[in-house]
Structures are given as C-alpha cells and as structure tokens.
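Topology and contacts: notes
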Amino acid sequence: IGCRGAGTMFATAFSHLSKSAFTVARPAATNKVLTRALAATAGQAEVVLVGCGAPNRGMGWYHAVQMLEGRCPSASLDYIIEPWFLGPGSTGPGGPEFAEWADSSTSKYGTKFITSVADLPAPEQPRVALISGRTADNPRLLNECIDAGCKCIYLEKPGAPTVKELEEMKSCAEEAGIEVLMGYNKNVCKYVRKTREFAETIPGSHVTFVSNNAYENTPESLGECFERNAEGMLKNMAIHELALLVSFYDVSVENIESVEADKEFSSMQTLPGPSGKEFTDFDKIKFTIKTKTGKEVSVAADRCGGTDSYATVTDTDGEEVFRYWMPDDEDKIAVEKLQAKYPTAMPYFFTQDPDYVTVKERVAKHTVTGEEAEGVATIGVAVETLRVAEYLTPLLMEQLK
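Residues numbered from 1 in each chain as written. Predicted model: local features only at pLDDT ≥ 70, side-chain atom pairs only at ≥ 80, totals over all residues. Heavy atoms only, no water.

What to know about the overall build of the protein
What counts here: Here a helix means four or more residues in a row that DSSP labels H or I, a strand means two or more in a row labelled E, and each is numbered from the N terminus. For a compact globule the rule gives 2.2 Å times the number of residues to the power 0.38, and the radius of gyration it is set against comes from C-alpha atoms. Only protein chains enter the accessibility calculation, which uses a 1.4 Å probe; a residue whose area is less than 20% of its type maximum is buried, one above 50% is exposed, and one in between is partly exposed. Whether two residues touch is decided by their heavy atoms; if any such pair falls within 4.5 Å, the residues are in contact. With residues, only the protein chains shown are counted as cover, and all accessible areas are computed by Shrake-Rupley using a 1.4 Å probe. Counted as positive: Lys and Arg. Counted as negative: Asp and Glu. His and the chain ends are not counted at all. For the purpose of locating charges, the reference atoms are NZ of Lys, CZ of Arg, CG of Asp and CD of Glu.
Within the protein, the secondary structure is distributed over 12 helices and 13 strands. Computed over C-alpha atoms, the radius of gyration of the protein comes to 21 Å, within 12% of the 21 Å expected from 2.2 N^0.38 for 401 residues, which places it in the range of a compact globule. Taking the principal axes of its C-alpha atoms as reference, the protein extends roughly 70 × 45 × 45 Å. Counting the 401 residues in the protein, one finds 53% classified as buried. In the protein, of all internal contacts separated by at least 6 residues, the share reaching a separation of at least 24 is 77%. For the protein, the accessible surface area stands at approximately 17,500 Å², while carbon and sulfur atoms represent 51% of it. Separation of charge centres in the protein, based on 40 positive and 57 negative side chains, amounts to 4 Å.

Here we look at the sheet that holds strand β2 (residues 75-81)
In a beta sheet, neighbouring strands pair by backbone hydrogen bonds and run either parallel or antiparallel. Applicable threshold: When DSSP finds at least two bridges between two strands, those strands are taken to pair. Simply put, an axis is a line fit to the C-alpha atoms, just over the touching stretch for a helix, and the angle between two N-to-C directions goes from 0 to 180 degrees.
Strand order in the open sheet formed by six strands is β3-β2-β1-β4-β5-β6, with parallel pairing between adjacent strands. The two strands at the open ends of the sheet, each matched to only one other strand, are β3 (112-114) and β6 (179-182). Going across the sheet, the axis of each strand differs from the next one's by a mean of 25°, ignoring polarity. Taken strand by strand, helix α11 (residues 353-369) contacts β1 (45-50), β2, β4 (127-131), β5 (152-155) and β6, and its axis lies near 165° from that of β5.

Considering the packing of helix α5 (residues 163-176) against helix α12 (residues 379-400)
Applied cut-off: Under this scheme an angle from 65 to 115 degrees is roughly perpendicular, one under 35 degrees roughly parallel, and one over 145 degrees roughly antiparallel; angles in between are oblique.
Relative orientation of the contacting elements α5 and α12 amounts to 170°, with a least axis distance of 9 Å. In terms of orientation, α5 lies roughly antiparallel with respect to α12. Of the residues in α12, those in contact with Val163, Leu166, Glu167, Met169 and Lys170 of α5 are Ile379, Gly380, Ala382, Val383, Leu386, Arg387 and Glu390.

None of this, on its own, says anything about what the molecule does.
Laid out in structure tokens, this is it:
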C-alpha cells in the first residue's frame, strides 16, 4: 500500500498535542456542510466513523447509535463518512432507510454526513477514526485517516485482507506516530474474564471458547454468508477467538506445536453465493491447539448455532466444571430491551452490546488523556492473529477433506 510521507506530516502535527492544546475557542460557523452544532468539547475525542453501512445491518451503524446515545462519554461522534449510501447506493436497497436515519441524526445530534475522509476539516479536539467499512478498503482508509489528522485509529477486525497488508499498515502508522487499536471486543468480555479466572483455580484445566451466529442452515443463507465474508470463517467470525488465543494463551504461528480438528463437530461446504460464484468455507469448525510452551486451548464456531457465545472449563478427566454465557442472565434483560427498541437489527449487536461500548470508551479516553486502553488489542496483536488464521485455514481444510 505504501505510506504517503507528505500526508503524515499533518497527522503527526496533531498526534503529539495535549488535551489542553485542543481547548480552543470555536470559530463562528462558516461551512454549513462541515460545522457541527454539538461537536466534541474539551475532554472528549472527536470521532470520525468511516463506513457506516445500512441501519439495523451494518456494524458501523450500531457503533454510531451507541455513541450518539451518549453511552461512550469520552466519544463525540462528529462525522460519519459513508460513500455508498450517500452516493451510488442512495436509491438502492437500504438507501432510503439510510437517508431517513441520516436526516434524523443530523437534526437530533448535529452529526455531519460526508462521502470522503478528504473532506474533513482539521480536528478541533483529539481525533480518532473508527474504521468499520469493507476489509479490503482498510489499507487505503488508514492512510487517509492518518492524513486527516487522527491521533488514534480504531480498526475493526480483522484489519486487512492479508498479513502483508496489515503489516504495511502497522508500519505506516508507526512512521506517522499514530496508534492503531483493534475492535476485538471479546478481549474485554465478561464471559472471557470469568472463564479465565475460574480456569486458573483448576490445575490442568482446559478452556474451550464457543462462538455462534444465527444464519439459517440452508445453502442460500450460507452461500450469501460465504460470499459476503469471502475472507473465510477464521478471518471473520472466529477471528475474535483467535485474538483471545494470541492475547492470553501464547498462541503464535511459531509457537503452535499442533492443531487438530474435531471432525465429528466440523463441517466444510462449497456453495454458490448470490453472484453465482462458488465459495468454500467452514459452516462450523472446532479445533484444539497445543503450543510448544505447554498450553492447550480449543475453539468452536458455528454459523448456524444461535445468537449466544460461551466458554467452558473442563477438568483433567474431561468433565465440564464451568460454563459462562454471553449474555449472562443479567445482560439478557438489557438484550431484551434492545431487541424491543431495534426489532429488525442483527441479533449479535445486542449480545455484545456492553463490550462494544467498553472498547470505544477506552479508546476514546486513551486518545484524549493517554490513559491505557486496558484490554484493547493493538495492531500488533491483530497482525499475529491474522497470521494464525492464515496458517490454520489450509491445515484444517486438509483435515476435513
């Protein structure tokens, strides 16, 4: 992708400024398109959402809803960049709904909707970009966000289509003095913390992380899923679990001693997507990794397994002694309220709702104050996670043939 050296000068100029350097008097509005009435104030990060997607469908849209509703107090969502629904997709499926939501958000919150990162004015508070578009676009978008004066970048998983591209993005950000943190929300999940804490009390215990989605178990539904997530399950749905393994279980390509697929659980299919092109992927996969440093951990992921994720702990006899769900009983009350409020939204938004808030708030606060974004994965973790995904995919596919 290359780093645009001249562009990084502007970004670097803002990256070292303190919070107090941004507490300047706001000039009178001169640009009706880009001046926001309710913009970030001192102590808040100026957030730019890059890639929103359709209401009730796009992850970017749900990020926006949480910030606009004030659930991340250190984050002020000042700009939303959505080239598709503000451009060629405006009259297609989802276009009218997006326009209605954008008009409502502008009226209620003052957030500005634009089509390009290049159209952003200079930041008036420490700026963080939340990139939540197509994975293939991320290398270009990261460069553009660096040029636009971002102090920090929140990058949705997996970050880039390939390890090589993500490594280049990491180098570009480091060259510009910009920090890149990742949206691996399960790193801060309650069920992950509870499971790890319990496992530490059982000598010789074994942890299994289970991830489920709620796609219909039909060729049509899975074919659409395979095409839309063409990077494959391990780089998409199960990438969160791989990030947990990299973060907490010493898993790296060099440290993997063995990987074994559970053939009874796992399934791999070749299905046509909506375009007619065929895609081969796992619709469900379970595997166990053993590391050279003596750790052992399992992952299971099922596209059609439901809406909840959980983790289990088994003892040395293989008996399950602990299971913790996401959401737990306490969180299910909140999930029901969110389902009633947004009845047509993707179900997984709600089960992971508090964790999305936690990651965004920690990233925004870190951008303003420099306080450590506890538990939030760095782009370095993301690079190793993607390396592991690329390493495991052909090995597991070969075992399932």
